[in-house]
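In case you want the letters, here they are:
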Amino acid sequence: MEILQYDFMVRALIAALLVGLTAPAVGIYLVQRRMALMGDGIGHIALTGVAAGFFFNTSPVWTAVIVAALGGIIVELIRSSTRTSGDVALAMLFYGGIAGGVLLMGLADTSNVNLMSYLFGSLLTTSAEDLWVIGGLAMAVLAVTLGGRKMLFAICHDEEYAKVAGLPVRFLNLLLVVTAAVTVTVAMRVVGLLLVSALMVVPVAAASQLTRGFMATLALALTIGVLVSVGGAGGSFYLDTAPGATIVVTAIAVFLITGSLAAFAKAVRRWTPQ
Amino acid sequence: MESRQDEIVALDHARVTYERQPAIDDVNISIRRGEVVALLGANGSGKTTVIRSSLGLVDVDHGEARLFGTPLKRFHQWQRVGYVPQRLGAGSGVPATVTEVVASGRLTRKKLFNGRADRKAIAEALDAVGLADRAREPVSTLSGGQQQRVLIARALAGEPELLVLDEPTVGVDAASQQALAAALLDRIRTGITMLLVTHEMGVLAPLITRTITMHDGHVAYDGAPHGFEPGDLAGRADAHCERGDLEQPPPIDEHPHAPGVTANMWGEK
Ligand SMILES: Nc1ncnc2c1ncn2[C@@H]1O[C@H](COP(=O)(O)OP(=O)(O)OP(=O)(O)O)[C@@H](O)[C@H]1O
Ligand SMILES: [Mg+2]
């Protein structure tokens, strides 16, 4: 395969694979809790973290993880301690994240090119060192989301019941948002902060058109996530398009396909004589 | 003070305030092992609040709540408690099968690798609520009453010593209520303690050993259910079920005492 002759492309495909696995693994719990936009909010606040990295002249990945995790924790605390769904807090995160990011970027005097590479991803510049960081973080995310799947399922399904079952609900909720923040920072390299959430949500939505249970949805969502990430990244090489956008468009195409399949299957069942 | 040995649920001068007015105030309740207590009262009288505060889902701002003799702050043996909430919160955005939901009832059992016992308990719980044949279906395709039965199965799957149910029979049809009563009776025979909120006792009536009526955040009545002599619980329940006596009594919103009238616990003659 021609594509595998380029080292930068091999690194890009590995990064895409890791993100394709981790994003839906976290996203499924956010979707289950009907907080699909949480990933977006964390993505926006991560921009402030990236800018803080430039401002303080340190690695933007780590400042993004820290700021995004703090933002997520604040939204979670507001959600759990008040009776609102936390969507006003989420909105603040959206606005504050972008505004704070642009402000700090200006103060740090970085170029717009730099800003764009975080907003929309820069998959092809993934270095070997980046890959180690992404790989390590991805393993941590998978350990939490797959290892803790039964408990996370229980708290996202029915939080009150989970409390009476003796689960450490508050800890698990915070663990989930911190994991989401880590995932966002892992994925920003690949699809960019503005499209991170798409990769968390769309594979899950596509999978749940065809499945009946949670664990089946999880398995299928990870499969779809990997296929669209690797497929989209590879496709962008041949089509000469932006990898992040190509991945997301591919994911939405898969969603449309599974949606039509589900509708078709339903129609067939209806017309089949009992 | 009496022994706390077999005191399962206790509220001591409990007060819960959500916003301004206390939802319950100066509530004293003590439930001992093996009792089956019906919590009655009008809408908004504080039944759910009594249950939520005795399970620690809402903090008492005065007084104390205890489970199994231990103040809630120090209580950790949640595997002894099963809970059926009044209604499920925000619906799930991802499909889940009946088995998956019932399986979360096993999470109280801390042992991680106990597959066989888990599967057995889940299957028995599904049998008890008559949903064994729907085990692999997504919960969202079940009717409201069937979903309610899934929540009951989830609580039963944990094999609790104390079962707390908030209006378990709302929307559950007569036939399923009877299956449910039979299943609960089985558990009662094994010595389970039950606290259940209900508006209509229906077929559960013969299981009840004691009623507590809430009125405006206070306990208005606490004692034997009217119309039944305490005694052979199991025999009564069986007889009742065999008669197929399924009339729905009117909801009790008032004090159940009616002096000089021989009435059953619903005030019917
Ligand atoms: N989360 C809450 N926030 C504010 N007030 C509440 C809350 N929950 C209950 N209340 C108030 O507390 C009082 C008792 O409510 P509770 O839910 O305990 O009643 P209930 O007896 O269970 O009623 P129902 O039969 O309708 O279930 C009511 O006046 C209600 O308005
Ligand atoms: Mg209630």
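Since the structure is predicted, the reported quantities are computational estimates derived from the model, not experimental observations. (Residues numbered from 1 in each chain as written. Chains lettered and ligands numbered in written order. Predicted model: local features only at pLDDT ≥ 70, side-chain atom pairs only at ≥ 80, totals over all residues. Heavy atoms only, no water.)

1. Regarding the environment of Ala 253 of chain A
The condition that has to hold: In this description a helix means any DSSP run of H or I spanning at least four residues, a strand means any run of E spanning at least two, and both kinds are numbered starting from the N terminus.
Take Ala 253 of chain A: it is sitting in helix H12 (residues 243-271). A sequence separation of 47 residues divides Ala 253 of chain A from Ala 206 of chain A, and the C-alpha atoms of the two residues are 9.3 Å apart.

2. Here's the deal with the packing of aromatic side chains
The test is simple: Pairs were defined over the aromatic rings of Phe, Tyr and Trp, the Trp ring being its six-membered one, requiring ring centres within 6.5 Å. Orientation was assigned from the angle between planes: stacked under 30 degrees, edge-to-face over 60, tilted for the rest. Only protein chains enter the area calculation, which uses a 1.4 Å probe; residues under 20% of their type maximum are buried, those over 50% are exposed, and those in between are partly exposed. Placement of a positive charge over a ring is assigned whenever Lys NZ or Arg CZ falls within 6 Å of the ring centre and within 35 degrees of the normal to the ring plane.
On inspection of all chains with the given rule, the structure shows nine aromatic pairs over all chains. Their ring planes at 55 degrees and their centres at 5.7 Å tell us that Tyr 6 of chain A and Phe 237 of chain A sit as a pair that is tilted. Here Tyr 6 of chain A is found in the segment before helix H1 (7-32), whereas its partner Phe 237 of chain A is found in helix H11 (residues 214-239), with 231 residues between them in sequence. Here Phe 237 of chain A falls in the partly exposed class, since its relative accessible area comes to 23%. With a centroid separation of 4.9 Å and 55 degrees between ring planes, the pair formed by Phe 153 of chain A and Phe 214 of chain A is classed as tilted. Residue Phe 153 of chain A is located in helix H7 (residues 149-157), and its partner Phe 214 of chain A is located in helix H11; the two are separated by 61 residues in the primary sequence. The exposure class assigned to Phe 214 of chain A is buried, which follows from its relative accessible area of 0%. Residue placement shows Arg 154 of chain B over the ring face of Tyr 161 of chain A; its charged tip is 3.7 Å from the ring centre.

3. Looking at the site of ligand 1
Residues and elements named next belong to chain B. Just so we agree on the cut-off: Summary of the distance rule: residues count as near a molecule or strand when at least one heavy atom falls within 4 Å of that molecule or strand. Any N or O atom pair separated by 3.5 Å or less is treated as a polar contact, with the protein-specific requirement of one donor-capable and one acceptor-capable atom, and with residues adjacent in sequence counted only for side-chain atom pairs. Computed by Shrake-Rupley with a 1.4 Å probe, the accessible areas treat only the displayed protein chains as cover when residues are assessed.
By nearness alone, 15 residues border ligand 1, and Asn 43, Gly 44, Lys 47, Thr 48 and Thr 49 come closest of all. Within the side chain of Thr 49, one N or O atom sits 2.5 Å away from an oxygen atom of ligand 1. When the free accessible area of ligand 1 is taken as 640 Å², the share hidden by the protein chains comes to 68%.

4. Digging into the coordination of the magnesium ion (ligand 2)
Formally: With water excluded from the atoms, a metal site may look incomplete; its donors are any N, O or S atoms within 2.8 Å, or within 3.2 Å for Na, K and Ca.
Taken together, the protein ligands of the magnesium ion (ligand 2) are Thr 48 of chain B (OG1) and Gln 86 of chain B (OE1), with distances of 1.9 to 2.4 Å. Here the residue Thr 48 of chain B occupies a position in helix H1 (residues 47-54), and Gln 86 of chain B occupies one in the loop between strand S6 (81-84) and helix H2 (98-103), the gap between them amounting to 38 residues.

5. Overview of the confidence of the model for chain B
All names here are of chain B. Our working definition: How sure the predictor is of each residue is captured by pLDDT, a score from 0 to 100. By definition in these notes, contact holds between two residues if any of their heavy atoms fall within 4.5 Å.
Overall, the prediction assigns chain B a mean pLDDT of 79, with 79% of residues at 70 or greater. For residues 228-269, every residue scores under 50 in pLDDT, and the model assigns this stretch 72 contacts once sequence neighbours within four places are set aside. Interface confidence for the predicted complex, expressed as ipTM, amounts to 0.88; the pTM equals 0.86.

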